[in-house]
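# Breakdown of the fold
Below are the chains, spelled out letter by letter.
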Amino acid sequence: MKKERVFLATTALEEFWDTKKPVVFLGDWCLRPSRKDFWQKLNGNIIEGIWREKQNFIASYDYVNRLYERLLFNLAISMNEVHGEEHGMRYWRIIIGPWLFHYLSVLYDRYLYIDKATSEYPEFETILLSEKSFVIPENTVDFIQLVADDPYNLQIFSKILLTKVDRDFEAKEFPIRHIESRTNKRNYSCFKSLNKKKIINTLLSVGSSKNNIFMFSPYLTKYVIFRIALKSRGKILPIFPEDTIMRTTQIDIGKRELLGTLSFEEQCEFEKLVLSFLPSDIPLCFIENYKALKEEALKEYTLNPKAILSWIGWYFHEKFKIWAAHMSERGVKLIGAQHGGNYGLDRYMWAMEHEIEINDKFYTWGWHYEEFGDKVKPLPASILVGKKSRNKSSLNKEHILYARIAWPRFLYRMQYPTNNHLEAYHEYMITFIRRLDTRIRAVLKLRLFFQDYGGDVLKRLHDAKINIQLDNLSIPFQSSIDSCRLFVCDQISTTYAEALAKNIPTIIFFDPDMYIHRIKAESCFDDLQRVGIMHYSPESAAKKVNELYDIVDEWWNDGETQWARSKFCSLYARSSSDGINEWVNELMNLSNAGE
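Residues numbered from 1 in each chain as written. Predicted model: local features only at pLDDT ≥ 70, side-chain atom pairs only at ≥ 80, totals over all residues. Heavy atoms only, no water.

Here the focus is helix α9 (residues 269-281). Think of an α-helix as turning once every 3.6 residues; residues three or four places apart then point the same way. The end-to-end C-alpha distance of α9, which contains 13 residues, comes to 18 Å, matching closely the 18 Å that a straight helix rising 1.5 Å per residue would cover. Listed as buried for α9 are Phe270, Glu271, Leu273, Val274, Leu275, Phe277, Leu278, Pro279 and Asp281. Each element contacted by the buried residues of α9 is listed here: α2 (54-83), α3 (89-120), α5 (150-164) and α8 (253-259). (Helix = DSSP H or I, 4+ residues; strand = E, 2+ residues; numbered from the N terminus. Expected span 1.5 Å × (residues − 1). Buried < 20%, exposed > 50% of the residue type's maximum accessible area, 1.4 Å probe, protein only. Contact = heavy atoms within 4.5 Å.)

Dropping the structure here:
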């Protein structure tokens, strides 16, 4: 504990800093690289990241998960009362679950940082966001996008400080940005035109039967969707999300006050805070707009299917979630399917657990664990169905493609890696590029993530005096990866799995401290490391790239390398030349079951 009087900066918004006093920054998110010349002169202290120690994360993940289940049970009862309806736990888990888990993750993270800062620096001043500027998220995707930026996080920190610290602080107004669209900005649908979606959905509602299986926003190419529909004789068909127009909503104080009477026995200060905040924080789509959204959903989707299949619809498409929850209570089977490369690998992954929990069947990219029983079944990865593997020399291609991801400066879900690992992740990039031979660096193309999240990657490269080609993001990833001699990836996500499955020479490197993998996955990683595909340092990865650029075919086609690649893909990136038929047969069998 330090007795000196300091100013606690909780945000990167410099309007909320007082630099006349010694400054303590609540976290790395306060320090934008683009403003380094300014904040570096302040010589401020930074509250140490709370998630760097894996044991801290594991304990907190388990706690938040338990709290989520306790709170969801009581919230389901209250939501039935608020809306005058009678639904089971599964119904509300499908609709509210994704927001609730993210909300608890976010609130717990922000609470722990404030608790740590106020314990270490009890004599502090700060500037809060005025309550006049507070907003209520529109829906789940609005919440996710708001918590990725500074203003809404300032709102959360301000609310916690107002509740936790019995002291008056200066407050300022500041506009909090709202999203322009309710749907996820990253549209995975291959039919992006709203008119096309409406036409397709309308035709389906007219021509469908109760034996159909509908694929919501399929994680498939147009060609594969067409082939599946054809081979199933119209029994397996796609439907697409239609954008929802933003609406101005009058806050219903009465309904929100009902949530304040949740029958929930809080056990600590944080849980009291959750009960206090939740009635004013829960998105409009679950309270004020719920009835209208439900009415729209049941009008839009007038289908009577045997089953509903979705890859990504379980999180951000509110009308789809309401429709799916409604149909599940009428006996319609819900089917989930993997859509990312870290499923089955990460030991602590709420998203995977949630999708398995809410669905009657869940299809993976190859893995299966006994704990999930018969509900989980491997199939060829949908993202790879209909796509060909490379079977020609890579030496006729020149450039190396290096693909990165990005994640928010603020924790948005309890999952490793966290925002505490961002700085190390960026440093790995700088070190890797610097260790490449000059001639190798000349053919390297860096493919950045479609969002920067305030990470200021280009500024970091500039400060490191690194001049490098950038891959054109308007070119689809599949086209870029197909045209490279060698693919380099610095994280465990989706891109590396696609590259390995397509038999494209691949180098993977990452900091092992950033991940908590399942024990069963580690043997596959050991094999990939042994043959030089996987590396646990940027230096090792760069050395390997320098060595094999001219002999990439010899290395990649070696029997040991191909064995390790095939073993990994069979479990975590399974592909098949007969993938379309495998999917059709499985879904048709599921549709015919019980008839």
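What follows concerns the nonpolar core. If you look at the biggest cluster of nonpolar residues, it comprises 214 residues, and the most contacted ones within it are Leu100, Trp367, Phe432 and Phe487. With 18 residues, the top contributor of residues to this core is α3. (Core = buried A, V, L, I, M, F, W, Y, C linked by side-chain atoms within 4.5 Å.)

On to the packing of α2 against α3, then. It is at 8 Å that the axes of α2 and α3 come closest, and there the two elements cross at 130 degrees. When the interaxial angle is binned, α2 and α3 end up oblique. Like other packed secondary-structure pairs, α2 and α3 cross with a definite hand, here right-handed. Of the residues assigned to the contact of α2 with α3, the class counts are 19 nonpolar, six polar and two charged. (Axes fitted to C-alpha atoms, helices over the stretch in contact; angles between N-to-C directions. Parallel < 35°, antiparallel > 145°, perpendicular 65-115°, else oblique. Left-handed = near helix turned anticlockwise from the far one by under 90°. Nonpolar A, V, L, I, M, F, W, Y, C, P; charged D, E, K, R; others polar.)

Among the structural elements, Lys294 can be located in helix α10 (residues 290-300). Lys294 sits in the buried class, given a relative accessible area of 14%. The residues contacting Lys294, other than those within four sequence positions of it, are Glu85, His87, Tyr91 and Ile322.

What follows covers the side chain of Asp490. Tracing the backbone through its elements, the reader meets Asp490 in the loop between β16 (486-489) and α18 (495-501). A distance of 2.7 Å separates the side chain of Asp490 from the side chain of Tyr402, its partner in a polar contact. A distance of 2.6 Å separates a polar atom in the side chain of Asp490 from a polar atom in the side chain of Tyr425. In this structure, Asp490 is in contact with Tyr402, Ala403, Arg404, Tyr425, Phe509 and Phe510, ignoring residues within four places of it in sequence. (Polar contact = N/O pair within 3.5 Å; in protein donor to acceptor, adjacent residues only side chain to side chain.)

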